[in-house]
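A look at the structure
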Amino acid sequence: MMAIKLRTVYYATKEKYHMNLLAGSEGLDQLFSWIHILENIDTMEYLHGNEVVITTGIGMDSPSWFSEYVDKVTHSGATALIVNTGKFITEIPQDIIDKCSKLNFPLISVPWKVHLIDIIRDYCNRIFLTEQLSYSLMGSIKNAIFRPNNPELYEIQLERNNFSLDATYAIVAINGKNFNIQKMDTKFYGQLHLNIQIILNNYGLDNCIFDYDEALFIVINRAYAAQLDKFAHTIDTMLKKRFGKFDFETSVSETVNSVKDLHKAYKQVKYIMDHIQKKNSSSICFFKRNGINELVLSVNNLEILKENSQQTLEPLLQYDEEHETDYVALLKLYLQQNCSIKAVSELTYTHRNTINYRIRKIKEILKSKLDSNEERFRLMLAFYIRDAL
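Because the structure is a prediction, the values reported are computed rather than measured.

1. What about the UniProt feature "domain: PucR C-terminal helix-turn-helix" (unreviewed entry) in the chain?
- What UniProt calls "domain: PucR C-terminal helix-turn-helix" (unreviewed entry) maps, in this numbering, to residues 328-384.
- Across residues 328-384, helical content stands at 77% and strand content at 0%; the span's end C-alpha atoms are separated by 13 Å.

2. Focus: the domain arrangement of the chain
- Domain boundaries assigned for the chain yield domain 1 (4-114), domain 2 (129-289) and domain 3 (302-388).
- Put simply, the middle of domain 2 and the middle of domain 3, counted by C-alpha atoms, are 35 Å apart.

3. Details of the sheet that holds strand E12 (residues 284-286)
- One open sheet holds the five strands; their spatial order is E9-E10-E8-E11-E12, and the pairing between them is mixed. Unpaired on one side and paired on the other, strand E9 (206-212) and E12 mark the two borders of the sheet. Averaged over all neighbouring strand pairs, the angle between strand axes comes to 15°, with direction disregarded.
- Sheet topology places strand E8 (residues 169-175) next to strand E11 (residues 249-252); four bridges connect them, and they run antiparallel. The residue of E11 that forms the bridge with Ala173 is Ser251.
- Where helix H4 (residues 116-146) meets the sheet, its contacts fall on E8, E9 and strand E10 (215-221), and the angle it forms with E9 comes to roughly 75°.
- Each of E8, E9, E10, E11 and E12 is contacted by helix H9 (residues 262-276), which is oriented at about 30° to E8, the strand it contacts most.

4. So, the UniProt feature "domain: Purine catabolism PurC-like" (unreviewed entry) in the chain
- As annotated by UniProt and renumbered to match this structure, "domain: Purine catabolism PurC-like" (unreviewed entry) occupies residues 18-127.
- Secondary structure content for residues 18-127 is 28% helix and 24% strand, and the end C-alpha separation is 21 Å.

5. Details of the packing of helix H12 (residues 327-336) against helix H13 (residues 341-348)
- For the pair H12 and H13, the least separation of the axes is 9 Å and the interaxial angle reads 125°. As the angle between them shows, H12 and H13 are arranged oblique. Crossing angle aside, the handedness with which H12 passes H13 is right-handed. Between H12, through Leu330, Leu333 and Tyr334, and H13, the contact on the second element is made entirely by Ile341, Val344, Leu347 and Thr348.
- Counted by class, the contact of H12 with H13 contains six nonpolar, one polar and no charged residues.

What counts, and at which threshold
- Residues numbered from 1 in each chain as written.
- Predicted model: local features only at pLDDT ≥ 70, side-chain atom pairs only at ≥ 80, totals over all residues.
- Heavy atoms only, no water.
- UniProt positions renumbered as here; feature names shortened; annotations may be inferred.
- Helix = DSSP H or I, 4+ residues; strand = E, 2+ residues; numbered from the N terminus.
- Domains from an automatic or database assignment.
- Pairing = 2+ DSSP bridges.
- Axes fitted to C-alpha atoms, helices over the stretch in contact; angles between N-to-C directions.
- Contact = heavy atoms within 4.5 Å.
- Parallel < 35°, antiparallel > 145°, perpendicular 65-115°, else oblique.
- Left-handed = near helix turned anticlockwise from the far one by under 90°.
- Nonpolar A, V, L, I, M, F, W, Y, C, P; charged D, E, K, R; others polar.

Next comes the structure, spelled out in structure tokens:
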């Protein structure tokens, strides 16, 4: 379920429903994902957070009831409280208003003549409409990523959603253990999505969220490096705090200069997820801090890189195919371990003499002694290119 900003909806409907904001104007910038009537103090546990709650006061059974009710609503994670005044609650006491003001919690009154069902239907329709627009935006963003050479499939829709085509873009990707299975739990997925939306809203970022290929992708328009860094760390902190058992990892692209380059940002986060995160001890990883990977994916003519990598490793690739060996993988590990026979032996649980023999064979196949930094770098670069592309 999508969440929308209360301020937008409140000012669009306040005249129609004769609403009066009594407290918490600063809280109007919070999001809400649902609206419903709640009259019983003892049923507050049914609130999930970020709802707009309505009461008529029909359940009032003591002088302290209203104060206790407001205390529970404000501590439940709700976004706002609408009080239907005129019958059970004739006026809202000043101490209640002061309490909500202190908490920056929106307290809104509507007169008894207003039909609450109209407000509920109106607000729910706005949530559903926002969700429909979000799906349309997702389609345009995916077209920009996967079909960048067809701007007619995404440019108009993005501009309608206030996305600037020539502003900076970035992508933050989130993936974790068994994500495709976990997202089938609608409550879990809804809470994850909502927590991300709240952080995006707090940072004021134009965004689109979609899941694809066992991960959740957050596309940010008008992304700036410093702000992106803080946002990503906030996301990482939230994931650890609220969803720690899922071992979520956060991957962050560099900023690109227009929507036409969005596919490059996508390749960056995919590369991080597929290759860098596996070797990274941190739960958050930035593409810009991974040296040679950044260099590889920044080259314009990728075909030249692919051809260079293929030619460099071709003798070994062909030998593996003909003899059903795995010398390409062994060479990569050997180079990664600074050409240490001992390290490779321990990692592969293979006797050192066997590793020695295989490395000698690899040198014969490549016609190289692998003893110069230049030769080792050339081969390692071929592996980086192969992984990236």
